[in-house]
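# Fold and contact review
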Amino acid sequence: MIAGNGNSTDHNGEEREKANTITINGGKFTGNIKTTGYIACGIYAPWKDIVTVNGGEFTVNNGIGIVARAGQVKVNGGTFTCTGSAEGKVGDKNFDMAAAQCLYFDATDPAYPAYNSETDYIKVTGGTFSSNVSAYVADGYTYNSETKTVEPLGETNSVAKVGDTYYKTLAEAVAAADNATVTLLKDVTANVTIPAGNTITLNLNGHTLVDSATAQDKNVAEDSRKHTITNNGTLTILDSVGTGVVDNVSHGRAALYNAGTIVEIKGGKFTRSVDNSTDATSAKGNSWYVVYNAENATINRISDGEFLAIGEFSSLFCNCGLINEISGGTFTQNGFIAFKNEGTVNKISGGTFSSEDESCIQNWGSIGEITGGTITAGSIGIWNFSSDKYNSVGKVGQISGGNISGSTAAIRLNDYDTTYLNKPSTINKASVAVSGGNISGNLQVNANTELSVSGGSFSQSVERKYLDQSLNAELKRTGGETPYSYYPDVAAAAAAAQPGDTVTDLKATTESKVTLTLKYNDGATADTTYNVASGTTITLPAPTRIGYTFNGWYDGSKFYAAGASYKVSATATLNASWSYISSGSSSYDPTYSVSTPSKTENGSVTVSPKSASKGSTVTITVKPDSGYVLETLTVTDKNGDELKLTDKGNGKYTFTMPGSKVEVKATFMEDNSVLNFFYDVPNGAYFYEAVKWAVKNGITTGVGNDLFAPEQPCTRAQIVTFLWRAFGK
């Protein structure tokens, strides 16, 4: 079928004014080659005619279904089956065309005078086609390669949508979506650029966006390798489903490259899934940052999302511009730097940063404040670099919250010019101020850098020179990863202390320092210790114990109530006294001290326990020096009355504790028992105990006349006799 003869005049030679209008609603059309050098054609539309196909079966053997050179061809339905491998002309076309195409539009060779580029076309909104007709599909429709049909765009066959409008490609959706949301409807292999001046929200909607179907290493041409998302406009990224991914598989390119403004990253996973770098050489194969925020670019907020680096030689995230706030998200690069800052980050208030082997945050620029989040590194938590050469300030203005840890160092400060150029910076100086947060790991402060601490909790004691002058007391808690914290004075530290903690006065000199120990005597609570200057007053705490009433603190002679002010004049110990509560009433069960002589001659005396309640059993252990024996041992109560002692043998004696403090006294005397046998063995001799043992066990009786002859040599016969007696023979 030919819509017109291709001329501007009719068969009478008169000028044609109206286009032919042809509508096909059905029927069967078969085309075959009739002329040598030509191929078959179902419909030939060479002029500006209007052809509409609503139905019908078009079978073209070794030819093309519809060839148009001008006019408007609309295909709304029908079945086109075009086969063959022949090549040839159709109508007045001057070049050969290949068969097996369903649609073909070309106004060239020769140039066709009737063609109007603004009004002439082939547009398809329906039908079945044996070849791909995507190039002719009207807006709002798509060619389904599986069913070989053209169908309206919708949720199942579109790449993306903007509102209720569906698009075949992501680029088309982005181009149409200024001040609107582009929602992905399927996984997409494409790169996309947000134009300058456009404002777009991209909803990953649980789908994957990747720049290339195959990995592109350094050998692929530079112009062929693209960032997956390049933002030159204003962009917001979210993922309403939670499994969306932005991936990049091309060397030297990012999953997200921002050269404009990102309002917020609210979700999605950002990665480079084929990054295989392990060193400088392999990094040239396929490696780069996952996210790059360019100089003069802005990211207003990162509130969520997963940022993951697979390779081990490129940083995960590089900021050369401005980030106003990071309040969430996970940043993981286990082989290299997780977050490299060369620009400005105003605030980190959340998020989880981790690197197993390297520094977690390497900061050459400025981080205004860290108020939250977790920074965990197998090496260095935060590494600040300053440099005049590279105009790098390397500054964290304030750490007031969050958790920062590093196996090598939680915080390290380096002046690059000092360390590597041997020329200290004079303008820039790496610095960190800590006023809060939990810092676990070393604080490495190198030459020409500054660390100041006015608060926070630490895993180790902070050197006095880094502490603010207002901090004069240290509190070490009994447990936890960061037990050390600092307070203006001992009173403030003591008020914050819990049982088992240690308070130290940082202003006290070694000569003036004394120790107060609080023993809770409940079988569970560790002692609280105060290392303070002599004369310091401590407000005594009020401990609790299930099933008991606290009676007060006892120093051996006096009770002090909870909340009382206790002046520590010398090293002392206070014991908690408890009353057992039974049958709804309080059974008073105070403890009393058991004092021993501060010094005894020729022996020692110890007691256990050193304080006890009434009715308890106290054990005394006496140990005479060599050549001495116990002479007297007495225990008296507060009235001077002597208590009954029970000899348990081996120098141990016991007594029952009265309802008062007691005092133990002991004296020792020379052991003259050997003198009853030998005049020449004085009790001060080094062999006294040995001779005493030998006589007691019947091994020797001396040489006669009450002599032992310790200076004479021992004969072989005497040795044999001693051994014989020793073994009971």
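In what follows, the structure referred to is the one given above.
Below: a short report on this structure. Keep in mind that this is a model prediction, so the values were computed, not measured.

## Some details on the overall build of the chain
- From N to C terminus, the chain includes five helices and 66 strands.
- The C-alpha radius of gyration computed for the chain amounts to 48 Å, which surpasses the reference 27 Å derived for 729 residues by more than 25%, pointing to a less compact arrangement than a globule.
- Projected onto the principal axes, the alpha-carbon positions of the chain cover approximately 170 × 70 × 70 Å.
- Relative to its full complement of 729 residues, the chain shows a buried share of 48%.
- Partitioning the intrachain contacts of the chain with sequence separation of at least 6 by distance along the chain shows that 54% fall at a separation of at least 24.
- Between the mean site of the 55 positive side-chain charges and the mean site of the 70 negative ones, the chain shows a separation of 6 Å.

## Here's the deal with the nonpolar core
- Within the largest apolar cluster, 69 residues are counted, with the highest numbers of intra-cluster contacts made by L170, V182, F317 and I399.
- Leaving out residues up to four positions away in the same chain, V182 has contacts with A160, K161, V162, L170, A173, V174, A177, I200, T201, L202 and N203.

## Thoughts on the sheet that holds strand 4 (residues 50-53)
- Spatially, four strands are ordered 1-4-7-12 in an open sheet, and the strand pairing comes out parallel. The open sheet has two free edges, formed respectively by strand 1 (21-24) and strand 12 (121-124), since each of these has just one partner strand. Sheet twist, expressed as the average angle between the axes of neighbouring strands with direction ignored, equals 10°.
- Pairing between strand 4 and strand 7 (residues 72-75): four bridges, direction parallel. For V53, the partnering residue across the bridge sits in strand 7 and is V75.

## Notes on a nonpolar patch on the surface
- Where nonpolar side chains cluster on the molecular surface, the patch consists of I719, L723 and F727 and spans about 340 Å² of accessible area.
- Note that I719 resides in helix 5 (residues 716-726).

## Regarding unusual backbone geometry
- Geometrically, the link from S608 to P609 is a cis peptide bond, its omega value of -5° lying close to zero.
- With respect to the secondary-structure elements, P609 resides in the loop between strand 60 (603-608) and strand 61 (611-613).

## Considerations on the environment of A180
- Note on placement: A180 falls in strand 18 (residues 180-184).
- For the pair A180 and A533, spaced 353 residues apart in sequence, the C-alpha to C-alpha distance is 69 Å.

## Section: helix 4 (residues 688-696)
- The complete set of buried residues in helix 4 reads Y688, V691, A694 and V695. For helix 4, the angular spread of buried residues about the axis comes to 135°, placing them on one side. What points out from helix 4, more than 90 degrees from its buried face, is the exposed set W693 and K696.
- G698, located one to two residues past helix 4, shows a positive phi value of around 70°.

## Here's the deal with the packing of aromatic side chains
- In this structure the tally under the stated criterion is 32 aromatic pairs.
- The interplanar angle of 85° and the centroid separation of 5.9 Å between the aromatic rings of F339 and F353 together place this pair among those described as edge-to-face. Highlighted residues: F339 in strand 35 (residues 339-341) and F353 in strand 37 (residues 352-355), separated in sequence by 14 residues. For the pair F339 and F353, one class covers both residues: buried.
- With 6.5 Å between their ring centres and 65° between their planes, F385 and Y416 make a pair best called edge-to-face. Within this pair, whereas F385 is found in strand 41 (residues 380-386), its partner Y416 is found in helix 2 (residues 416-421), the two being separated by 31 residues in sequence. Here F385 matches Y416 in class, with each residue buried.
- Joined through ring pairs, the aromatic side chains of F270, F307, F317, F331, F339 and F353 make up one cluster.
- Here the basic side chain of K123 rests over the ring of Y121, its NZ or CZ set 4.5 Å away from the ring centre.

## A few points about the state of the cysteines
- Summed over all chains, the structure comprises zero disulfides.
- Here C82 stays unpaired: no disulfide links it, and the sulfur of C102, its closest cysteine neighbor, is 4.0 Å away.
- Free cysteine: C320, not disulfide-bonded; nearest cysteine sulfur from C318 at 3.8 Å.
- The exposure class assigned to C320 is buried, which follows from its relative accessible area of 15%.

## What about the pairing of strand 1?
- Burial along strand 1 is one-sided: I22 and I24 are buried, while T21 and T23, pointing the other way, are not.
- Taken together, the four bridges between strand 1 and strand 4 define a ladder with parallel strand orientation. Paired with I24 across the two strands is V53, which belongs to strand 4.

## Remarks on the sheet that holds strand 64 (residues 646-649)
- Spatial ordering of the open sheet is given by 60-62-65-64, a layout of four strands whose pairing is antiparallel. Edge positions in the sheet fall to strand 60 and strand 64, since each of these pairs with one other strand and no more. Averaged over all adjacent pairs, the angle separating strand axes in this sheet is 25°, with direction ignored.
- Pairing geometry for strand 64 and strand 65 (residues 652-656), over three bridges, is antiparallel. Its bridge partner being in strand 65, D647 is matched across the sheet by Y653.

## A look at the pattern of salt bridges
- Evaluated as defined, the whole model comprises 12 salt bridges.
- Residue R301 is joined to E325 by a salt bridge in which the shortest nitrogen-to-oxygen separation is 3.2 Å. You can see R301 sitting in strand 30 (residues 298-302) and its partner E325 sitting in strand 33 (residues 322-326), a full 24 residues away along the chain.
- Exposure remark for R301: the relative accessible area of 29% places this residue in the partly exposed category.
- For E450, the salt bridge identified is with K429, shortest N-O distance 3.8 Å. Here E450, found in strand 47 (residues 450-458), pairs with K429, found in the loop between helix 2 and strand 45 (431-440); they are 21 residues apart in sequence, far enough to count as distant.

## A few points about the environment of V90
- Turning to its location among the elements, V90 is positioned in the loop between strand 9 (87-88) and strand 10 (97-98).
- For the pair V90 and Y38, spaced 52 residues apart in the sequence, the C-alpha separation amounts to 5.9 Å.

## Some details on the environment of G397
- Looking at the element boundaries, G397 is found in strand 42 (residues 395-399).
- Through-space distance from the C-alpha of G397 to that of N346 is 9.3 Å; in sequence the pair is 51 residues apart.
- Once you skip the residues sitting within four places of it in the chain, G397 turns out to touch I367, G368 and A433.

## Let's talk about the side chain of N575
- By the secondary structure assignment, N575 is in strand 57 (residues 572-582).
- Using a relative accessible area of 13% as the deciding quantity, one classes N575 as buried.
- Among the polar contacts listed, one links the side chain of N575 to the side chain of N521, at a separation of 3.2 Å.
- Apart from the residues within four sequence positions on either side, N575 is in contact with K519, N521, G552, W553, Y554 and S611.

Reading the values: the criteria
Residues numbered from 1 in each chain as written. Predicted model: local features only at pLDDT ≥ 70, side-chain atom pairs only at ≥ 80, totals over all residues. Heavy atoms only, no water. Helix = DSSP H or I, 4+ residues; strand = E, 2+ residues; numbered from the N terminus. Rg over C-alpha atoms; globule rule 2.2 N^0.38 Å. Buried < 20%, exposed > 50% of the residue type's maximum accessible area, 1.4 Å probe, protein only. Contact = heavy atoms within 4.5 Å. Lys, Arg positive; Asp, Glu negative; His and termini not counted. Charge placed at Lys NZ, Arg CZ, Asp CG, Glu CD. Core = buried A, V, L, I, M, F, W, Y, C linked by side-chain atoms within 4.5 Å. Pairing = 2+ DSSP bridges. Axes fitted to C-alpha atoms, helices over the stretch in contact; angles between N-to-C directions. Patch = residues over 30% accessible without salt bridge, like charges linked within 9 Å, V, L, I, M, F, W, Y side chains within 5 Å. Areas by Shrake-Rupley, 256 points an atom, 1.4 Å probe, with all protein chains shown as cover. Salt bridge = Lys/Arg side-chain N within 4 Å of Asp/Glu carboxyl O. Arc of directions from axis to C-beta. Phe/Tyr/Trp six-rings, centres within 6.5 Å; stacked < 30°, edge-to-face > 60°. Lys NZ or Arg CZ within 6 Å of the ring centre and 35° of its normal. Disulfide = S-S within 2.5 Å. Polar contact = N/O pair within 3.5 Å; in protein donor to acceptor, adjacent residues only side chain to side chain.

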